[in-house]
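# Architecture and fold: a report
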Amino acid sequence: MADKLITVFGGSGFIGSHLVRHLAAQGWRVRIAVRDIRKALFLKPAGDLGQISLIPVSITDPAGVAAAVQGADAVVNLVGVLYESKKRTFEALHEKGAENVARAAMAAGVRRLVHVSALGANANSPSAYARSKAAGERAVAVAFPSATIMRPSVVFGAEDGFFNRFGAVAQKMPVLPYFTDAIPHTPGGGGASFQPVYASDVATAIAAAVNDPHHLGKTYELVGPRVYDMRAILDIVNRETMRRRPIIGLPYLAADIPARLFNVLRTLVEKIPPVSLGAPFLTPDQVVQLRLGNVATGVLPGLEAFGIAPTAAEVVVPTYLKRFRPIQQTKRLRLQPRNG
Ligand SMILES: NC(=O)c1ccc[n+]([C@@H]2O[C@H](COP(=O)([O-])OP(=O)(O)OC[C@H]3O[C@@H](n4cnc5c(N)ncnc54)[C@H](OP(=O)(O)O)[C@@H]3O)[C@@H](O)[C@H]2O)c1
């Protein structure tokens, strides 16, 4: 396999870095295609000398994408954004960008394409993110019918934007809020349900799809072994950060109104370059996604199709949420005798 080449669009990101390490360990030559190659330099040591190369490209640029897939045996597209900004729209990246990659891969005679979409991708979803992911899947299926489509649920791992975000809230705020349509502390009042999946399991599945023709033309829902409502997720956060914050259920309006106000402000500020308000804590579309939850339909195959036993959040999350513990707890743990 040492002479096989794979191009990974979005290889420097959260899932991408797990995947690149995985592919390099399997002996692939990996070409990481991202806009800013400096952000991918940390992955070079994951391979032998020359095994991992970097190419600066935006998937919005068809000519650049064509150059990035030239000579590749396989291609993986991991590019996606959680919120839109002036140039980085869902349509440009999730739909047109995905189409650029699929078309270029087909034209270059690439044998395997794995497209990473998202659980809940649906043309009729109330979420713009989910609709754009569905549009991307359609565009890929037209341009490259044998592509494998992966729909991961919320992904967890040391660098995730999910548990870490709640960990930071637990560290900085006196309470841990979640949102619910029902009465908190009653059955069904724990907020929407999620089925988080481990980043390394997602990477293993993508690598397996690239290697095995059995997965051609199929769509998979990649989810973890357990379903948690938001309250249960915050219970894990409270336990692992040792913060013991009161967990309070609020109506979705409490998230929606500030998200909308910040969105209006961000749109206005974006008109005065180079001023930027940075990443929004929560966009109105993310509030919609939170309300929908993110659980497998059960209709499509999952990690078991790759022979993977999904890892539970409780196994991995404690290893990285401890960074949000109060300093005295961390010191006390360090001072405890190992066998005592
Ligand atoms: N993380 C999750 O919980 C989750 C759940 C479901 C689905 N997904 C999907 O999985 C995929 C990967 O997610 P992730 O969490 O790993 O994302 P991430 O950490 O934000 O990484 C995104 C990657 O895409 C690159 N990128 C962004 N815009 C680009 C462009 N125009 N052209 C080329 N590269 C570009 C980024 O590098 P540069 O900025 O340097 O270009 C980065 O390497 C996404 O499609 C996401 O929607 C993620």
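This section reports on the structure supplied with the text. (Residues numbered from 1 in each chain as written. Predicted model: local features only at pLDDT ≥ 70, side-chain atom pairs only at ≥ 80, totals over all residues. Heavy atoms only, no water.)

## Some remarks on a nonpolar patch on the surface
Spelled out, the test is: Patch building starts from residues that exceed 30% relative accessible area and form no salt bridge, then joins like charges within 9 Å and nonpolar side chains (Val, Leu, Ile, Met, Phe, Trp, Tyr) within 5 Å. Here the open area of atoms and residues is found with the Shrake-Rupley method and a 1.4 Å probe, where only the protein chains shown may cover a residue. Salt bridge, as used here: a side-chain nitrogen of Lys or Arg that lies within 4 Å of a carboxyl oxygen of Asp or Glu. A run of H or I in DSSP becomes a helix once it reaches four residues, and a run of E becomes a strand once it reaches two; helices and strands are each numbered from the N terminus.
Among the surface-exposed residues, Leu253, Ile257 and Leu261 lie close enough to one another that they form a single nonpolar patch of about 320 Å² accessible area. Among the secondary structure elements, Leu261 is positioned in helix H8 (residues 253–269).

## Section: the nonpolar core
Worth spelling out the cut-off: Among buried residues, those of type Ala, Val, Leu, Ile, Met, Phe, Trp, Tyr and Cys that are joined through side-chain atoms within 4.5 Å constitute a nonpolar core. Three labels apply to residues, based on accessible area from a 1.4 Å probe with only protein chains included: buried if under 20% of the type maximum, exposed if over 50%, partly exposed otherwise in between.
In terms of nonpolar packing, the biggest core is built from 35 residues, with Ile6, Leu19, Val30, Val76, Met150 and Ile206 touching the most fellow members. For this core, the leading source of residues is helix H6 (residues 199–211), giving eight residues. The next biggest cluster of nonpolar side chains, apart from the first, holds 32 residues, and it includes Phe156, Phe179, Ala259 and Val287.

## Concerning helix H2 (residues 62–69)
Filter applied, for reference: Throughout, the arc means that of the directions going from the helix axis to the C-beta atoms. Note on contacts: a residue pair is in contact if any heavy atoms of the two residues lie within 4.5 Å.
Turning to H2, its buried residues number three or more, namely Gly64, Val65, Ala68 and Val69. Within H2, the buried residues cover an arc of 130 degrees as seen down the axis, which keeps them to one side. Those residues of H2 that are buried lie in contact with strand S1 (5–9), strand S2 (29–34), strand S3 (52–56), strand S4 (74–77) and helix H3 (90–107).

## Details of the site of the ligand
To keep things clear, this is the line we draw: We define proximity as follows: a residue is near a molecule or strand when any one of its heavy atoms falls within 4 Å of that partner. In protein, a polar contact means a hydrogen-donor-capable atom and an acceptor-capable atom, both N or O and within 3.5 Å, with residues adjacent in sequence counting only if both atoms are side-chain atoms; elsewhere, any N or O pair within 3.5 Å suffices.
Surveying the vicinity of the ligand reveals 26 residues, the closest of which are Ser12, Phe14, Ile15, Arg35 and Lys133. In the environment of the ligand, an oxygen atom lies 3.2 Å from a nitrogen or oxygen atom belonging to the backbone of Asp36. For the ligand, whose free accessible area comes to 890 Å², the fraction covered by protein is 85%. Counting only elements with at least two residues in the shell around the ligand, the list comes to helix H1 (14–25) and helix H4 (128–143).

## Brief notes about the pairing of S1
As a general feature of sheets, a regular strand has side chains that alternate between the two faces. Just so we agree on the cut-off: If the strands point away from the viewer and the path from the first strand over the helix to the second runs clockwise, then the crossover is right-handed. Strands pair, by our definition, only if DSSP identifies at least two bridges between them.
Taking burial as the measure, the five residues of S1 include five buried ones, the bulk of the element. Of the two faces of S1, the one lined by Leu5, Thr7 and Phe9 and the one lined by Ile6 and Val8 are each fully buried. In this fold, S1 hands off to H1, which returns the chain to S2; that crossover is right-handed. Judged from the four bridges that link them, S1 and S4 form a sheet pairing that is parallel. Note on S4: the bridge partner recorded for Thr7 is Val75.

## Describing the sheet that holds strand S11 (residues 219–222)
Threshold: Throughout, an axis means a line fitted to C-alpha atoms (over the contacting stretch in the case of helices), and angles, computed between N-to-C directions, take values from 0 to 180 degrees.
With parallel pairing, the seven strands of this open sheet are ordered in space as S3-S2-S1-S4-S5-S6-S11. With one partner strand each, in any of the chains shown, S3 and S11 form the two edges of the open sheet. Neighbour to neighbour, the strand axes of the sheet diverge by 20 degrees on average, direction disregarded. Pairing of S2 with S3, which is carried by five bridges, proceeds in the parallel orientation. Residue pairing in the sheet places Ala33 in a bridge with Ile55 of S3. In the packing of H3 onto the sheet, the strands contacted are S1, S4 and strand S5 (112–116), and the crossing angle to S4 comes to about 175 degrees. Relative to the sheet, H6 contacts S1, S4, S5, strand S6 (148–152) and S11, its axis offset from that of S5 by approximately 155 degrees.

## Here's the deal with the pairing of S6
Taking burial as the measure, the five residues of S6 include five buried ones, the bulk of the element. Burial of the side chains of S6 extends over both faces: Thr148, Met150 and Pro152 are buried on one face and Ile149 and Arg151 on the other. Direction of pairing for S5 relative to S6: parallel, over a ladder of three bridges. Residue pairing for S6: His115 is matched across the bridge by Ile149. Once the chain exits S5 it traverses H4 before rejoining the sheet at S6, and the crossover so formed is right-handed. Sheet analysis places S6 next to S11, joined by four bridges and oriented parallel. When the sheet's bridge partners are listed, Met150 is paired in S11 with Tyr220.

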